[in-house]
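Results of the structural survey
Next come the chains, spelled out residue by residue.
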Amino acid sequence: ELKGIVFVIQSQSNSFHSKRAEDLKRDILKQAVDLGKELPTVLLIHQIDRHEGAWTILPLMTDFSVTYGRNSSWIFFCEEDTRIQVIKLVETLRRFDKSKEWFLGKALYDEESTIIHHYAFAENPTVFKFPDFAAGWALSIPLVNKLAKKLKSEPLKSDFTIDLKHEIALYIWQKGEGPHLTPVPEFCTDDMNSYKVDHCATTFSNFLPLCGEPVNKEDVFVAVKTCRKFHGDRIPVVKQTWEREAALIEYYSDYADISIPTIDLGIPNTDRGHCGKTFAILERFLNHTSPRTPWLVIVDDDTLISIFRLRKLLSCYDPNEPVFLGERYGYGLGTGGYSYITGGGGMVFSRTAVQKLLASKCRCYSMDAPDDMVLGMCFSGLGIPITHSPLFHQARPMDYPKDYLSHQIPVSFHKHWNIDPVKVYFTWLAPNTEESSNGQKVGYKREDL
């Protein structure tokens, strides 16, 4: 029965992430050996295919169907930090008739309709369930075969990939005319040391990766994109919240205001896109900051970020590699396309990545082109993969399911719309959420937001 499960780890090619995925693969195979079972197939998504959109999974369905459609029962997907009790997983899957179409996982749902899901199911967003990838999720082979057939006759439209777990569930149900997600209580995101996990086939480590000492404050240069019309309302929020965590920070605007101070890059403000401004920031970082500063972070003036946590996270990455890190979106991945880091949650670059980018001739096609998408296109053309972290967020805390955020230690959120951004920062992102900088107790509860 174990032989009938194909394990697919949603891995990435960056050296830190690929090592984590290889460790998980070894663990799954070791458990199989210890159980005296025939070894299952364990695939790493970044190795399956040179296809830029392999991480969006649906383009792989045809291959899965051709290769495993006759001799396997289940495709089980998980993240590199998902921990699997193989024997319990086999027992859990045994409860479901493998000859039928099944889509299994830990169910998430929106408490209110949200922009990241295009306000889907606006009348009652709680009705639509989608899987928490951290807990693992499974498709029965009859469903894989059905999806492959559907995708063959009707290829994926070239469009945006914003929240893959929601979009896959929507595709399976609507376009694939398949089943809704069936919630499985054994697929868990509790920490493996929790008293709750006795019944769990999967668990998830709730921690911020730390690979040695956090990088020094002086190793991170922070560039804030702003413009004159937001100097009065957005910049004071940055100064009240996370500015003090940054040793090196500059504000780039269309107007030099010495009270902040802002730097006028000589690039006129555009209502959207900001590509010209972002490339000017990249040039400035390369030519006007210490070559010993390995990391650049570019954020919007309404991004809320924990530089303190980012320094821990960056301890896991090699700045000598071209690293482009943040929350990954995709554009047109069904038909070639490219992945990109969405700007609002913050874009992190190693100096090496900036050097390679600017040495190429890839530039904005217009000053107001979308900077994050142009950067994605450029790095894709250079063969430099982007690196996804789910700890960066393009939207506000209330735009995500509570259960999804409950096993995260977030690095960023974005937008001040209909929230108190200072309160959100001290609730979700401050280095010590119990205390503000002056020692006063703050004591917000996440549930209040």
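None of these values were measured; they are calculated from a predicted model.

Re the packing of aromatic side chains
Applying the stated rule across the entire model yields 23 aromatic pairs. For the pair Phe 128 and Trp 173, a centre-to-centre distance of 5.9 Å together with 45 degrees between the ring planes defines the contact as tilted. You can see Phe 128 sitting in the loop between strand 6 (107–108) and strand 7 (130–131) and its partner Trp 173 sitting in helix 6 (residues 164–173), a full 45 residues away along the chain. Here Tyr 329 and Tyr 340 contribute two aromatic rings whose centre-to-centre distance is 5.9 Å and whose plane-to-plane angle is 75 degrees, an arrangement assigned as edge-to-face. Taken together, the positions of Tyr 329 in strand 18 (residues 328–331) and Tyr 340 in strand 19 (residues 338–341) put the pair eleven residues apart, joining distant regions of the chain. Through pairs of rings, three or more aromatic residues link up here, namely Phe 64, Tyr 68, Phe 77, Phe 103, Phe 133 and Trp 137. Of note, Arg 234 hangs over the ring of Phe 230, and the distance from its end group to the ring centre comes to 3.5 Å. The cationic tip of Arg 351 hangs over the ring face of Phe 285; the distance from NZ or CZ to the ring centre is 4.2 Å.

With respect to unusual backbone geometry
That bond from Ile 260 to Pro 261 is cis: its omega, -10 degrees, falls within 30 degrees of zero. By the element assignment, Pro 261 lies in the loop between strand 13 (248–253) and strand 14 (262–264). Residue Phe 121 is not a glycine yet carries a positive backbone phi of 50 degrees. A residue is classified by how much of its surface remains accessible, and Phe 121, at 25% relative accessible area, is partly exposed. A positive phi angle, near 55 degrees, is found at Asn 418, a position not held by glycine.

What about the domain arrangement of the protein chain?
Partitioning the protein chain into domains gives domain 1 (2–204) and domain 2 (217–429). A C-alpha centroid distance of 30 Å is found between domain 1 and domain 2. Contact with domain 1, which involves 32 residues of that partner, is made by 33 residues of domain 2. Carbon and sulfur atoms make up 52% of the area that domain 1 and domain 2 hide from each other, which totals about 2700 Å². For the pair domain 1 and domain 2, the number of links is two salt bridges.

Considering helix 3 (residues 61–68)
Buried within helix 3 we find Met 61, Phe 64, Ser 65 and Tyr 68. Here the buried residues of helix 3 occupy an arc of 105 degrees about the axis, which is enough to place them on one side. Structural note: helix 3 exposes Val 66 and Thr 67 on the side pointing more than 90 degrees away from its buried face. Lining the buried residues of helix 3 we find strand 1 (5–9), strand 2 (41–44), helix 2 (45–48), strand 3 (74–78), strand 8 (137–140) and helix 5 (141–153).

About the cut-offs
- Residues numbered from 1 in each chain as written.
- Predicted model: local features only at pLDDT ≥ 70, side-chain atom pairs only at ≥ 80, totals over all residues.
- Heavy atoms only, no water.
- Phe/Tyr/Trp six-rings, centres within 6.5 Å; stacked < 30°, edge-to-face > 60°.
- Helix = DSSP H or I, 4+ residues; strand = E, 2+ residues; numbered from the N terminus.
- Lys NZ or Arg CZ within 6 Å of the ring centre and 35° of its normal.
- Buried < 20%, exposed > 50% of the residue type's maximum accessible area, 1.4 Å probe, protein only.
- Domains from an automatic or database assignment.
- Contact = heavy atoms within 4.5 Å.
- Buried area = accessible area lost by both parts, 1.4 Å probe.
- Salt bridge = Lys/Arg side-chain N within 4 Å of Asp/Glu carboxyl O.
- Arc of directions from axis to C-beta.

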